[in-house]
Amino acid sequence: MDYKILNITNIISYIKNIKIIKDYFAEDSLHVNEIGDGNLNFVYIIKSEQNPQKALILKQAVPYLRCVGEEYPLSKERMTFEIRALLKYSELTPDLVPFIYDANEEMSTVVMQYLSKHIIMRKGMINGIVYPKFDEHISTFLAQNLFKTSSLFLDSTCKRQFVDSFNKNVELCKLSEDFVFSFAFMEHDTNGENARNNETAKKLFADMEFKKNVLKLKYKFMTQSDALLHGDLHTGSIMLNQNETFVIDPEFSFVGPFGFDIGALIGNLVMSYVSHLHVSKNEQYQKWILKLIEEILTKFEQKFLSLWAEVDESALHVKGFIDSKSLDEFKKEFMKNILRDSVGYAGCKMARRMFGMAGVEDIRAIEDKNKKNIAEAHVLEIAKKFVKNYEQVESVKDIREMII
Ligand SMILES: Nc1ncnc2c1ncn2[C@@H]1O[C@H](COP(=O)(O)OP(=O)(O)OP(=O)(O)O)[C@@H](O)[C@H]1O
Ligand SMILES: [Mg+2]
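How each quantity is defined
Residues numbered from 1 in each chain as written. Chains lettered and ligands numbered in written order. Predicted model: local features only at pLDDT ≥ 70, side-chain atom pairs only at ≥ 80, totals over all residues. Helix = DSSP H or I, 4+ residues; strand = E, 2+ residues; numbered from the N terminus. Rg over C-alpha atoms; globule rule 2.2 N^0.38 Å. Buried ≥ 20, exposed ≤ 12 C-beta atoms within 10 Å, placed from the backbone. Axes fitted to C-alpha atoms, helices over the stretch in contact; angles between N-to-C directions. Parallel < 35°, antiparallel > 145°, perpendicular 65-115°, else oblique. Left-handed = near helix turned anticlockwise from the far one by under 90°. Contact = placed C-beta atoms within 7 Å. Nonpolar A, V, L, I, M, F, W, Y, C, P; charged D, E, K, R; others polar. Pairing = 2+ DSSP bridges. Near = placed C-beta within 6 Å. Domains from an automatic or database assignment. Expected span 1.5 Å × (residues − 1). Core = buried A, V, L, I, M, F, W, Y, C linked by C-beta atoms within 7 Å.

1. A look at the overall build of the chain
Logical step 1: When helices and strands are tallied, the chain shows 15 helices and twelve strands.
Logical step 2: For 404 residues, the compact-globule estimate of 2.2 N^0.38 gives 22 Å, and the chain sits close to it at 21 Å.
Logical step 3: Projecting the C-alpha coordinates of the chain onto the three principal axes gives extents of approximately 60 × 60 × 40 Å.
Logical step 4: Across the 404 residues in the chain, those meeting the buried criterion constitute 41%.

2. Quick look at the packing of helix α12 (residues 324–355) against helix α14 (residues 369–389)
Logical step 1: Running from N to C, α12 and α14 point in directions that differ by 150 degrees, and their axes come no closer than 8 Å. Comparing their axes, α14 and α12 come out roughly antiparallel. As α12 runs across α14, the sense of the crossing is left-handed. Of the residues in α14, those in contact with V343, G344, A346, G347, C348, M350, A351 and M354 of α12 are E376, V379, L380, I382, A383, K384, F386 and V387.
Logical step 2: A breakdown of the residues in the contact of α12 with α14 according to their chemical character gives twelve nonpolar, two polar and two charged.

3. Notes on the sheet that holds strand β10 (residues 238–240)
Logical step 1: The strand order across the open sheet formed by three strands is β8-β10-β11, and the pairing between neighbours is antiparallel. Strands with a single pairing partner mark the edges of an open sheet, and in this sheet they are β8 (119–120) and β11 (245–247).
Logical step 2: By the bridge criterion, two bridges tie β8 to β10 in an arrangement that is antiparallel. Each bridged residue has a counterpart across the sheet, and for I119 the counterpart in β10 is L240.

4. Here we look at the site of ligand 1
Logical step 1: In the vicinity of ligand 1 lie 20 residues, with G38, N39, N41, L115 and D249 positioned nearest.
Logical step 2: Looking at the shell around ligand 1, the elements that each hand over two or more residues are β3 (55–60) and β7 (109–113).
Logical step 3: Split into classes, the residues belonging to the shell around ligand 1 amount to ten nonpolar, six polar and four charged.
Logical step 4: Taken domain by domain, the makeup of the shell around ligand 1 includes at least three residues from each of domain 1 (11–113) and domain 2 (119–403).

5. Some words on the domain arrangement of the chain
Logical step 1: Splitting the chain by domain gives domain 1 (11–113) and domain 2 (119–403).
Logical step 2: For domain 1 and domain 2, the distance between their C-alpha centroids amounts to 27 Å.
Logical step 3: Looking at the side of domain 1 that touches domain 2, its residues break down into eleven nonpolar, two polar and four charged.

6. Digging into helix α11 (residues 283–309)
Logical step 1: For α11, spanning 27 residues, the distance from its first C-alpha to its last is 39 Å, which sits close to the expected 39 Å at 1.5 Å a residue.
Logical step 2: By the burial criterion, the buried members of α11 are Y285, Q286, I289, L292, I293, I296, L297, F300, E301, F304 and W308.
Logical step 3: Those residues of α11 that are buried are in contact with α5 (134–148), α10 (259–280), α12 and α15 (396–403).

7. Structural notes on the sheet that holds strand β1 (residues 30–34)
Logical step 1: Spatially, five strands are ordered β1-β2-β3-β7-β6 in an open sheet, and the strand pairing comes out antiparallel. Edge positions in the sheet fall to β1 and β6 (100–104), since each of these pairs with one other strand and no more. Strand-to-strand, the axes of this sheet are offset by a mean angle of 20 degrees, without reference to chain direction.
Logical step 2: As paired strands, β1 and strand β2 (residues 42–48) are joined by five bridges and run antiparallel to one another.

8. Concerning the pairing of β3
Logical step 1: For β3, the buried fraction is high: five of the six residues fall into the buried class.
Logical step 2: Connecting the antiparallel pair β2 and β3 is a turn made up of six residues.
Logical step 3: Bridge count for β3 against β7 is five bridges, and the pairing is antiparallel. Within β7, the position partnered with L58 by the bridge is V111.

9. Points about the pairing of β6
Logical step 1: Where β6 and β7 come together, four bridges link them in antiparallel fashion. What sits directly across from I100, in β7, is M112.
Logical step 2: Connecting β6 to the antiparallel partner β7 that follows it, the hairpin turn spans four residues, and S108 within it adopts a positive phi of roughly 50 degrees.

10. Quick look at the nonpolar core
Nonpolar side chains tend to gather and get buried jointly when the protein is soluble and globular.
Logical step 1: Residues V270, A351 and V379 are the most contacted members of the largest nonpolar core, which totals 106 residues.
Logical step 2: Each of domain 1 (11–113) and domain 2 (119–403) contributes no fewer than three residues to this core.
Logical step 3: Beyond its immediate sequence surroundings of up to four residues, V379 is in contact with M271, V274, M350, M354 and I363.

Written out as structure tokens, the structure reads:
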């Protein structure tokens with residue numbers, strides 16, 4: 001099928017040609033609305049008029065950046081990688097991604113379950129909502145998907161084929177290289193207004209200890225093909241409620257270093273913590289976030305190691321190669337390195353949100369200018385500690401000390 005851009009009028013005839021969707025809505029009349037609040041793509045909700053509970057989401061990538069328009073081209077093939085990642089996640093953690101009804105790489109579309117009882121986690125956290133099962137859910141998501149797409153689980157051929165199927169997400173990987181690791185840490189015309197004539201920004205841009213470590217992390221990001229990454233796992237890519245968690249929007253996916261998604265998530269939780277510290281001043285909530293960070297990291301490690309314990313043959317490991325005591329020592333060191341990288345990436349993700357093009361609502365939307373400046377400076381202070389000291393982290397406990 002040749003690619004064409006969908007809109008609220010031609011969507012119905014498009015989906016009526018897809019059997020599973022035709023069956024889902026049967027003879028109902030349909031209503032289409034565009035609901036996307038993101039920057040990149042078009043997101044539509046298709047609802048039955050007879051039974052509004054029956055609804056699906058259709059997301060399509062267009063060959064440009066939605067929020068800017070056709071003058072900012074961006075290849076629509078980004079959806080190919082979102083589709084491939086969603087299908088992999090559906091296989092490994094089906095309860096933690098929306099159900100996929102249809103995915104079409106030529107049309108750059110995915111039709112998925114409508115999450116009607118869930119909200120974007122960032123919004124929930126800004127409103128101080130506690131999610132008691134989130135640590136359990138997201139640690140499973142991270143452990144299963146990172147472990148089972150790595151050379152610790154796959155055999156050598158499968159792993160290389162797997163890397164190949166994500167290797168061409170070149171434009172979005174380049175966006176991360178530029179915006180997560182470079183432009184936000186130098187004078188650059190893509191930076192936010194707040195970077196101009198700002199003493200804190202100038203100090204950051206001149207901090208060479210920080211920059212040397214950013215280069216180390218960026219180099220790893222570009223070259224270390226550990227496992228399938230979501231690539232943009234911030235709290236805006238998670239929809240949830242008290243009982244369920246769903247990861248959405250993996251268009252930045254590729255095979256990269258283990259610590260990157262974990263770091264993205266932790267960095268965003270820390271920014272929420274800082275926001276609550278200075279704005280809501282809700283102490284209970286701050287405590288919950290700090291505990292959440294520890295729980296996620298601890299549970300991730302336990303789950304990752306127990307998956308590893310079940311495997312005795314993989315691309316990395318040949319049966320009989322090493323004694324069990326030495327293997328345990330190797331695993332311990334391995335997990336420590338994932339933790340360290342996660343802290344480093346958390347720092348990059350936080351720092352880039354301060355002066356770079358894209359901020360986070362938790363901080364940028366603070367109305368009181370003075371509080372906003374204080375919160376930004378605080379985020380940056382923690383981010384610098386993370387980036388400068390990530391290689392010295394010994395355990396999860398060290399992270400709390402770097403935050404408070
Ligand atoms: N399955 C779903 N159910 C309900 N709402 C959804 C679903 N998928 C996406 N949305 C809504 O649409 C919004 C945009 O979706 P998504 O983040 O996937 O799009 P995007 O254009 O890639 O955004 P971004 O600019 O953040 O990359 C989400 O923030 C959410 O509000
Ligand atoms: Mg997106």
